[in-house]
Amino acid sequence: TAAVSDTDIDIQLMKRFISYCRTKCAPRLSDEAAEALRNHYVSIRSSVRRTQLESDQQSAIPITVRQLEAIVRLSEALAKMSLAVTANVQHVHEAIRLFRVSTLDAANSGLSQGDLSLSAD
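Treat the numbers as computed from the prediction; the structure is a model and nothing was measured.

**Q** Explain the nonpolar core to me, using residue names and the numbers behind them.
**A** In this structure, Leu-37, Ile-63, Ile-71, Val-92 and Ile-96 are the most contacted members of the largest nonpolar core, which totals 13 residues. If you list the elements that add at least two residues to this core, you get helix H2 (31-55), helix H3 (65-81) and helix H4 (89-108). Looking at which element gives the most residues to this core, the answer is H2, with five residues. Apart from residues lying up to four places away in sequence, Leu-37 is in contact with Leu-29, Leu-68, Ile-71, Val-72, Val-92 and Ile-96.

Structure, rendered in structure tokens:
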């Protein structure tokens, strides 16, 4: 077995922490966090609408209500990990960052269109 360092967390302690989070912690968005998320959603939609008007081309919807709900769930999960009662603006910003990195970058690179080649290039 590998030696346990001072920075490693005991597996039983981690299991108890996760169990506690699941049963006792149910954070919801604060008003400020909800406003930050709303502003982000509106700015993305407005940006695409403006681009469509300037180019006279129909583009894909950049963020759907379903994706917005996923960002809310991510924000709440981040708050839960820190045992916070509410998800704050920092949780929302981190959830948006994670969303952009995972979803929007994949869509922009063509991965969402079935191009899942894993070449060594």
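**Q** Summarise the environment of Arg-38; cite the residues concerned and give the values.
**A** Relative to the assigned elements, Arg-38 resides in helix H2. In this structure the C-alpha to C-alpha distance between Arg-38 and Leu-68, which are 30 residues apart in sequence, comes to 9.0 Å. A distance of 2.9 Å separates a polar atom in the side chain of Arg-38 from a polar atom in the side chain of Glu-35.

**Q** Tell me about the side chain of Ser-75, and name the residues and values.
**A** Mapping Ser-75 onto the fold places it in helix H3. Residues contacting Ser-75, with those up to four places away along its chain left out, are Leu-29, Ala-87, His-91, Val-92 and Ala-95.

Cut-offs and rules
Residues numbered from 1 in each chain as written. Predicted model: local features only at pLDDT ≥ 70, side-chain atom pairs only at ≥ 80, totals over all residues. Heavy atoms only, no water. Core = buried A, V, L, I, M, F, W, Y, C linked by side-chain atoms within 4.5 Å. Buried < 20%, exposed > 50% of the residue type's maximum accessible area, 1.4 Å probe, protein only. Helix = DSSP H or I, 4+ residues; strand = E, 2+ residues; numbered from the N terminus. Contact = heavy atoms within 4.5 Å. Polar contact = N/O pair within 3.5 Å; in protein donor to acceptor, adjacent residues only side chain to side chain.

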